[in-house]
Amino acid sequence: MTASAAPVLVIGAGVQGLTAGVVLAEAGQRVRIRTADRPQDTTSAVAGAMWGPAMLRPAERVLYWVTRSHAEFSALARDENSGVHLAAGRMAARFDLGDVVPPEAKLIPDLRPCTPEELPEGFVSGYYATVPLIDMPRYLDYLVARFQAAGGELQLSPVPSLADAVAESPTVVNCTGVGARELVGDPGVHPVRGQHVVVRNPGIDEYFVELSDSGEFAAYMPHGDRVVLGGVAVEHDWNMVPRREVSEGIRRRCAEVEPRLADAEVLADLVGLRPGREAVRVEVEEYEGGRIIHNYGHGGSGVALSWGCAFEAVDLVEGIA
Ligand SMILES: Cc1cc2nc3c(=O)[nH]c(=O)nc-3n(C[C@H](O)[C@H](O)[C@H](O)COP(=O)(O)OP(=O)(O)OC[C@H]3O[C@@H](n4cnc5c(N)ncnc54)[C@H](O)[C@@H]3O)c2cc1C
């Protein structure tokens, strides 16, 4: 095989790698994804996950990425095989949120302030809004199937170095999440540890997310017969073992908002490492005769940004952007 005949190499099979793989393969490119972990063992599989405003940098790019992703997820919600559905719910805070909402909130057709009666005890302001919720285990399966149906090849094999990657293909899309710290040697990438408790759904169909700067908050997202409960965010913590006291705290905070969660049967305790970085990195690097399109560092919003980032990464592959 000559170098130019090599498929585009995507590294990573979390939501970023799979979405980029789908966009590339459906555009007619030959694509190989190499991943160190099965899609179901990635951070992406642990996410809640909700499309919502992303307070990340660079702000103007992030606005574009969430906007494009909102359109895609809204369309996917009409496909019952996708794992995406539109759900109403509340985003609320224990402090006054004021009247200024992030610009992407304008995409939410029914956004309105909560009435005082709609706020749980201890909360002083919030918004009621219908947004896409993404059942990540199902959604990742959907992306894999769509990628393979478009002719994409998925290999479970870690990429030892960027030099190996460009030796395999002159065009590489790097979607390695927190793994970019080692693969790229980017010290700005760090883990922001999250933990979830998954319970059997006691009949909840609305989500709740506490808006907070603290590393401990209340959040729950229903996906059919399961509800995913959060949340915690601990910077620079690599520990992948669920901590019992953390699960107990999550459960207690969620049950204070929704008492039906207090006794719901626990199905799993999960840990995921959000890929923290000062700014999301979507850009081209010329590297040892090849081109690497980096797409990593999406923090706690990698699902919400995924389609927009994938479209931009693919424009960079094709030399359009
Ligand atoms: C508890 C929790 C809740 C969250 N909730 C939300 C939410 O509601 N909404 C939202 O938008 N986001 C949410 N997130 C954030 C979101 O999960 C991440 O931003 C997103 O999953 C990052 O996706 P990724 O594809 O970049 O990385 P990952 O999912 O980590 O995938 C990285 C991939 O790269 C592979 N890889 C790494 N190094 C190598 C290598 N050397 N060779 C080959 N493969 C390699 C890995 O095996 C993996 O396949 C949440 C995260 C957590 C932990």
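Note that this is a predicted model, so its numbers are computed, not measured.

1. Quick word on the overall build of the protein chain
Piece 1. Per the secondary structure count, the protein chain includes eight helices and 15 strands.
Piece 2. Whereas a compact globule of 321 residues would reach a radius of gyration of roughly 20 Å, the protein chain reaches 19 Å, a difference of no more than 12%.
Piece 3. C-alpha extents for the protein chain along the principal axes are approximately 65 × 40 × 35 Å.
Piece 4. A buried classification covers 53% of the 321 residues belonging to the protein chain.
Piece 5. Counted over contacts in the protein chain with a minimum sequence separation of 6, partners at least 24 positions apart contribute 74%.
Piece 6. For the protein chain, the exposed area adds up to about 14100 Å²; of that, 51% sits on carbon and sulfur atoms.

2. Section: the site of the ligand
Piece 1. Around the ligand, 35 residues are found, and the nearest of them are T35, D37, S44, G299 and A304.
Piece 2. One of the backbone nitrogen or oxygen atoms of V159 is found 2.8 Å away from a nitrogen atom of the ligand.
Piece 3. With respect to the ligand, the backbone of G300 contributes an N or O atom lying 3.0 Å from a nitrogen atom.
Piece 4. Partitioned by chemical class, the residues of the shell around the ligand number 14 nonpolar, 18 polar and three charged.

3. Comments concerning unusual backbone geometry
Piece 1. The omega torsion across G48 and A49 is -10°, close enough to zero to call that bond cis.
Piece 2. Residue P58 is reached from R57 by a cis peptide bond, and omega for that bond is -5°.
Piece 3. Of note, the phi angle at H236 is positive, near 65°, even though the residue is not glycine.
Piece 4. With respect to the element layout, H236 can be found in the loop between β12 (234–235) and α7 (244–257).
Piece 5. According to the relative accessible area criterion, H236 is exposed, its value standing at 56%.
Piece 6. The phi angle at E288 is positive, at roughly 45°, despite the residue not being glycine.
Piece 7. The exposed category is assigned to E288, whose relative accessible area is 60%.

4. Some words on the packing of helix α1 (residues 15–26) against helix α4 (residues 136–149)
Piece 1. Closest axis-to-axis distance for the α1/α4 pair is 9 Å, and the angle between their directions is 30°. Judged on the interaxial angle alone, α4 and α1 are roughly parallel. In terms of crossing hand, the pair formed by α1 and α4 is left-handed. Every residue of α4 that contacts α1 at V15, L18, T19, G21, V22, A25 and E26 is listed here: M136, Y139, L140, L143, V144, R146 and F147.
Piece 2. Among the residues making up the contact of α1 with α4, the classes are represented as ten nonpolar, two polar and two charged.

5. Description of α1
Think of an α-helix as 3.6 residues a turn; residues three or four steps apart then line up on the same face.
Piece 1. Taking 1.5 Å per residue, twelve residues should reach 16 Å; α1 reaches 16 Å between its end C-alpha atoms and fits that length.
Piece 2. Every buried residue of α1 is accounted for by V15, Q16, G17, L18, T19, A20, G21, V22, V23, L24 and A25.

6. A short note on the packing of aromatic side chains
Piece 1. A complete count under the given rule lists five aromatic pairs for this structure.
Piece 2. On the numbers, 6.1 Å between centres and 15° between planes, the contact of Y139 with Y142 is stacked. Placement of both Y139 and Y142 in helix α4 is noted, with a separation of three residues, approximately one turn of the helix. For the pair shown, Y139 and Y142 are each scored as buried.
Piece 3. Site record: aromatic cluster; members linked through ring pairs are F73, Y139 and Y142.
Piece 4. Here the basic side chain of R68 rests over the ring of F311, its NZ or CZ set 4.1 Å away from the ring centre.
Piece 5. The lysine or arginine in question, R112, covers the ring of Y128, its NZ or CZ lying 4.5 Å from the ring centre.

7. Observations concerning the confidence of the model for the protein chain
Piece 1. Per-residue confidence for the protein chain gives a mean pLDDT of 96; residues scoring 70 or more make up 98%.
Piece 2. When the elements of the protein chain are averaged for pLDDT, strand β4 (residues 112–113) gives the smallest value, 96, and strand β2 (residues 31–35) the largest, 99.

8. Things to note about the side chain of D237
Piece 1. Tracing the backbone shows D237 in the loop between β12 and α7.
Piece 2. A distance of 2.9 Å separates a polar side-chain atom of D237 from the backbone nitrogen of N239.
Piece 3. The residues contacting D237, other than those within four sequence positions of it, are P191, R193, R243 and L273.

9. Topic: the sheet that holds strand β7 (residues 171–174)
Where strands meet in a sheet, backbone hydrogen bonds hold them as pairs that are either parallel or antiparallel.
Piece 1. Across the sheet, six strands lie side by side as β6-β2-β1-β7-β15-β14; this open sheet has mixed pairing. The two strands at the open ends of the sheet, each matched to only one other strand, are β6 (153–156) and β14 (281–287). Averaged over all pairs of adjacent strands, the angle between strand axes in this sheet comes to 20°, irrespective of strand direction.
Piece 2. Relative to strand β15 (residues 290–296), β7 runs parallel, the two sharing four bridges. Bridged to V172 within β15 is I292.
Piece 3. Sitting on the sheet, α1 touches β1 (8–11), β2, β7 and β15, and the angle it makes with β2 is about 170°.

Criteria and thresholds
- Residues numbered from 1 in each chain as written.
- Predicted model: local features only at pLDDT ≥ 70, side-chain atom pairs only at ≥ 80, totals over all residues.
- Heavy atoms only, no water.
- Helix = DSSP H or I, 4+ residues; strand = E, 2+ residues; numbered from the N terminus.
- Rg over C-alpha atoms; globule rule 2.2 N^0.38 Å.
- Buried < 20%, exposed > 50% of the residue type's maximum accessible area, 1.4 Å probe, protein only.
- Contact = heavy atoms within 4.5 Å.
- Areas by Shrake-Rupley, 256 points an atom, 1.4 Å probe, with all protein chains shown as cover.
- Near = heavy atom within 4 Å.
- Polar contact = N/O pair within 3.5 Å; in protein donor to acceptor, adjacent residues only side chain to side chain.
- Nonpolar A, V, L, I, M, F, W, Y, C, P; charged D, E, K, R; others polar.
- Axes fitted to C-alpha atoms, helices over the stretch in contact; angles between N-to-C directions.
- Parallel < 35°, antiparallel > 145°, perpendicular 65-115°, else oblique.
- Left-handed = near helix turned anticlockwise from the far one by under 90°.
- Expected span 1.5 Å × (residues − 1).
- Phe/Tyr/Trp six-rings, centres within 6.5 Å; stacked < 30°, edge-to-face > 60°.
- Lys NZ or Arg CZ within 6 Å of the ring centre and 35° of its normal.
- pLDDT = per-residue confidence, 0-100.
- Pairing = 2+ DSSP bridges.

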